[in-house]
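Per-entry structural report
Now for the letters of each chain:
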Amino acid sequence: MAALLERIRGIVTEFGGRIAHVGSGGSMTYQELWQRAVALAAQIHGPDPSSPVMVRGHKEPEMLVGFLGSVMAGRAYIPVDNSLPEARIERIIATAAPVAVFTTKDIQERTSHWQDQPAFALPVAADTDPFYIIFTSGSTGDPKGVVITHGCLAAFVDWMLAEQSFVPGAEVFLNQAPFSFDLSVMDLYLSLLTGGTLFSLTKDDIANPRELYAKLRTSGVTAWVSTPSFAQMCLVEKSFNPEMLPDMRSFLFCGEALAHKTASGLLTRFPNAQVWNTYGPTEATVATTSVLVDAALLASHDPLPIGWERPGTMVNIRRPDGTPADDGERGEIVIRGANVSPGYLGRPDLTEKAFFDEDGQRAYRTGDRGYAQGGLLFFEGRMDFQVKVRGHRIELGDVETHVREVAGVVDAVVLPVERRGVCESLAAFVVMRDRAEGSDFAAAQALRESLAARIPDYMIPRKVIFLEAFPLTPNGKADRKALAAQLG
Ligand code: AMP
């Protein structure tokens, strides 16, 4: 199979005039996307190719130019969404030492002469060369960069393309997730490799239902890729049905549990579409298991399974001593195969804890608890303090570190606020030194404001509870169970 960039070049040759991306600020054809990427690559091609490029923005077509241009120059890219606070971006820059940091405006300016580009020789990429690096929450407050290679990404897209029957040159993929979240890799590369149109929703579209549904109506989406939470939100709208989206053929989910009611709601509204549940961490390139959720599966399973391992990848359940669990026995989900990342950028300590080599392949301990029944896998939550809020991956320790760094805070414990087993938001229990006079409401507001400068919105605790001291366990640690009980 030709290298990914070669394959995309083939798509450009075949579908050059087709719209590759409809994003914020406009749309771009395949031809323009490719030519602009070539123009950018020519400028960042050079020594020290191991140094990546950071691409900052939101849903502009120039983001795609930045991604492809970096890879054409033999460099990995780091997608950074505009919603990240500057302080967090600086931490990422400190870890990744990028050769360049481009905003979408920079990219637009640097590639304005895209129409007259000379022929460009694509680099010969090895499977082990990094393609992108996605930063995700780290338990000590520093985001960790998951390195995804050309080989990882090719393994992932090849599975998806073999499993799904996309029609070349005829699909419109919904892009809901920001490009800094690996779910977007699913829609982005499936689209680019099938000559599809990537149709992006912006943060503002999502926050404004009128805009959102009006936009969906014009989208022509055929393949929906989003978190289940987002689809569940859309189901609240009565007109979210085949009249709004007449060409919808498949819903592809990943990133958090797909609730039975979401899948059944979608199949009722869109009887001619398929619903797929896929599962996997960023460390194993988007998704590693999948299952078609049809009427029979809905009738036989609640909660829904996360699927079967994809061909070529081993996903199994391990006991604490690393031996394989029996059918039906609970344990940790371990993934091994070509889609598993080599590890975290510049963090051999973290890499060693979670990754290992086995039978000549890279393997990753997910920290997810689950079991398998006749090969079908089920997810049962986390073994640690990682949570998902509307699909966003958050280490509670990450938030705690930043709350503790706010002036006046002595100690903090952050817990999930759950409803029917789903984490809806976060709560922070905070002990402060010399708290100024005033209401808890005002103090909570001030704390949240300080946090907004350090961590993304979705990580900011909605609820803040001030305590004089934490209840302690017999061995002197903050008693998280007793605190959770206060959340009711
Ligand atoms: P991320 O790296 O942001 O994709 O998050 C990966 C984590 O999300 C996994 O380790 C799981 O805990 C959770 N996750 C992903 N997909 C699913 C799914 N289909 N069902 C349940 N949990 C999921």
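You'll find the structure just up there.
Model, not experiment: these values are computed from the prediction.

Reading guide: rules and limits
- Residues numbered from 1 in each chain as written.
- Predicted model: local features only at pLDDT ≥ 70, side-chain atom pairs only at ≥ 80, totals over all residues.
- Heavy atoms only, no water.
- Pairing = 2+ DSSP bridges.
- Helix = DSSP H or I, 4+ residues; strand = E, 2+ residues; numbered from the N terminus.
- Contact = heavy atoms within 4.5 Å.
- Axes fitted to C-alpha atoms, helices over the stretch in contact; angles between N-to-C directions.
- Buried < 20%, exposed > 50% of the residue type's maximum accessible area, 1.4 Å probe, protein only.
- Parallel < 35°, antiparallel > 145°, perpendicular 65-115°, else oblique.
- Left-handed = near helix turned anticlockwise from the far one by under 90°.
- Nonpolar A, V, L, I, M, F, W, Y, C, P; charged D, E, K, R; others polar.
- Salt bridge = Lys/Arg side-chain N within 4 Å of Asp/Glu carboxyl O.
- Near = heavy atom within 4 Å.
- Polar contact = N/O pair within 3.5 Å; in protein donor to acceptor, adjacent residues only side chain to side chain.
- Areas by Shrake-Rupley, 256 points an atom, 1.4 Å probe, with all protein chains shown as cover.

With that settled, the discussion passes to the sheet that holds strand E12 (residues 274-279). Pairing in this open sheet of nine strands is mixed, and the strands run E2-E1-E9-E8-E10-E11-E12-E13-E14 from one edge to the other. Since the sheet does not close on itself, it has two edges, and those belong to strand E2 (26-29) and strand E14 (308-309), each with one partner. Here strand E11 (residues 250-253) runs beside E12; their pairing, made up of four bridges, is parallel. Looking at E12, one finds that Phe253 is bridged to Asn277. Against the sheet, helix H7 (residues 183-192) makes contact with strand E8 (172-175), strand E9 (197-200), strand E10 (223-226), E11 and E12, and its axis sits at roughly 160 degrees relative to E8, the strand it touches most. Against the sheet, helix H9 (residues 209-219) engages E8, E9 and E10, with an angle of about 170 degrees to E9.

Our next topic: the environment of Ala412. In this structure, Ala412 sits in strand E23 (residues 409-419). Residue class for Ala412 comes out buried when judged on its relative accessible area of 0%. For the pair Ala412 and His402, spaced ten residues apart in the sequence, the C-alpha separation amounts to 9.2 Å. In this structure Ala412 touches Glu400, Val403, Arg404, Phe429 and Phe470, once residues within four positions along its chain are discounted.

This part takes up the sheet that holds strand E25 (residues 463-467). Remark on secondary structure: sheet strands pair via backbone hydrogen bonds, oriented parallel or antiparallel. Strand order in the open sheet formed by three strands is E23-E24-E25, and the pairing between neighbours is mixed. Edge strands, defined here as strands with exactly one partner in the open sheet, are E23 and E25. Pairwise comparison of adjacent strand axes, ignoring direction, gives a mean angle of 25 degrees for this sheet. Two elements, strand E24 (residues 422-432) and E25, share five bridges in a ladder whose sense is parallel. Paired with Val430 across the bridge in E25 is Phe466. Packed onto the sheet, helix H14 (residues 396-404) meets E23 and E24 and runs at close to 145 degrees relative to E23. Its contacts with the sheet place helix H15 (residues 440-452) against E23, E24 and E25, and it is angled at close to 115 degrees to E25.

Further remarks concern the pairing of strand E22 (residues 392-395). Going residue by residue along E22, you find His392 and Ile394 tucked away on one face and Arg393 and Glu395 tucked away on the opposite face as well. Here strand E21 (residues 386-389) hands over to E22 after two residues, with Arg390 in that stretch at a positive phi of 45 degrees.

What follows is about the packing of helix H2 (residues 30-44) against helix H3 (residues 61-72). One way to put it is that H2 packs onto H3 with a least axis distance of 7 Å and a crossing angle of 50 degrees. With respect to H3, the axis of H2 lies oblique. When the axes of H2 and H3 are compared, the crossing they make is right-handed. For the pair formed by H2 and H3, the contact residues are Leu33, Trp34, Arg36, Ala37, Val38, Leu40, Ala41 and Ile44 on the first element and Leu64, Val65, Gly66, Leu68, Gly69, Ser70 and Met72 on the second. In the contact of H2 with H3, the residues fall into eleven nonpolar, three polar and one charged.

One pass over the full model with this rule turns up 28 salt bridges. Of the charged contacts, one joins Glu283 and Arg393 as a salt bridge, the two residues approaching to 2.7 Å between their closest N and O atoms. Of the two residues, Glu283 sits in the loop between E12 and strand E13 (289-292) while Arg393 sits in strand E22, which places them 110 residues apart along the sequence. Residue Glu283 shares its accessibility class with Arg393, and that shared class is buried. Of the charged contacts in the structure, one is a salt bridge between Arg382 and Asp384, with a shortest N-O distance of 2.7 Å. For Asp384, a relative accessible area of 36% gives the class partly exposed. Bridged by salt links that share partners, the residues Arg91, Asp142, Glu405 and Arg454 form one connected network.

With that settled, consider the side chain of Thr104. In this structure, Thr104 sits in helix H5 (residues 104-110). On the basis of relative accessibility, which here comes to 13%, the residue Thr104 falls in the buried class. Setting aside its immediate chain neighbours within four residues, Thr104 contacts Arg56, Gly57, Glu60, Glu62 and Met63.

It is worth spelling out the site of the ligand at this point. The full set close to the ligand counts 17 residues, and Thr278, Thr282, Asp368, Lys388 and Arg393 are the nearest of them. Within the backbone of Ala257, one N or O atom sits 3.5 Å away from a nitrogen atom of the ligand. At 2.8 Å from a nitrogen atom of the ligand is found a main-chain nitrogen or oxygen belonging to Thr278. Contact with the protein chains removes 97% of the 490 Å² of surface that the ligand exposes when unbound. Breaking the shell around the ligand down by element, the ones donating at least two residues are E12 and strand E20 (376-382). Per-element accounting of the shell around the ligand gives the leading share, three residues, to E12. Here the residues of the shell around the ligand sort into six nonpolar, five polar and six charged.

Of note, Ala443 is situated in helix H15. Each C-alpha atom, one on Ala443 and one on Val464, is 8.9 Å from the other, the two residues being 21 residues apart in sequence. In contact with Ala443, not counting residues within four places along its chain, are Arg435 and Phe466.

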